[in-house]
Amino acid sequence: LYLRVNDTEESINCNMDGSVELFHNNVKELTTKVGGIKLLGHSESVQNALGNVNSNPTFDFTVANYITMTLTGNVTVQNPTTESVGQSGSIIITQDGTGSRTAAWGNQFKWAGGAAPTLSTAANAVDRIDYVVVAADTIHCVASLAIA
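The paragraphs below set out a description of the structure included in this document. As the structure is a prediction and not an experimental result, all values here were calculated from the model. (Residues numbered from 1 in each chain as written. Predicted model: local features only at pLDDT ≥ 70, side-chain atom pairs only at ≥ 80, totals over all residues. Heavy atoms only, no water.)

**Focus on the overall build of the protein**
Helix and strand counts for the protein stand at zero helices and 13 strands. Rg of the C-alpha trace for the protein: 20 Å, well past the compact-globule value of 15 Å for 148 residues, more than 25% over. Projected onto its principal axes, the C-alpha coordinates of the protein cover approximately 60 × 30 × 25 Å. Counting across all 148 residues of the protein, residues that qualify as buried make up 30%. (Helix = DSSP H or I, 4+ residues; strand = E, 2+ residues; numbered from the N terminus. Rg over C-alpha atoms; globule rule 2.2 N^0.38 Å. Buried < 20%, exposed > 50% of the residue type's maximum accessible area, 1.4 Å probe, protein only.)

Given below as structure tokens:
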């Protein structure tokens, strides 16, 4: 099965007993293969921008793999219920203009070294938490602090 635009530009090719190929502007961008897919260009991902946070956020991992928030008060990040095994991404945490905000984490968040890091506390400081969901209710995390 071949879908084309105006009979000249390839859009989707479904090959018998084989791959499915997706095209953009007549250029192949993605193809299926045994056990997965092959991305032939770059990928982009949306961010779940929470904005100012001063309470106890629960991240919705079905919205995006990248989460941003600005701390305007101390927070306790709640255990999520929407994560998927194999999912990975980053949580970008920015201090507001006052700084000195803290973050505590639910027990599903497991940290390199065994303890959650102390966030950078300077006004407007930026920290990045990278995560991988390794099992139901288990999210491995590492922190890059004071990103300049």
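There's plenty left to go through after this.
**Some thoughts on the sheet that holds strand β6 (residues 47-53)**
Spatially, the six strands line up as an open sheet ordered β6-β7-β9-β12-β13-β11, and their pairing is mixed. Only two strands of the sheet have a single partner each, and these edge strands are β6 and β11 (109-111). Between one strand axis and the next, the sheet turns by 25° as a mean value, whatever way the strands run. The pairing of β11 with strand β13 (residues 138-144) spans three bridges and is parallel. Note that in β13 the partner of lysine 110 across the bridge is histidine 140. (Pairing = 2+ DSSP bridges. Axes fitted to C-alpha atoms, helices over the stretch in contact; angles between N-to-C directions.)

**Overview of unusual backbone geometry**
For aspartate 17, which is not glycine, the phi torsion reads 55° and is therefore positive. Topologically, aspartate 17 is positioned in the loop between β2 (9-14) and β3 (20-24). Positive phi, normally seen in glycine, also occurs at asparagine 26, with a value near 70°. As for its placement among the helices and strands, asparagine 26 is situated in the loop between β3 and β4 (27-33).

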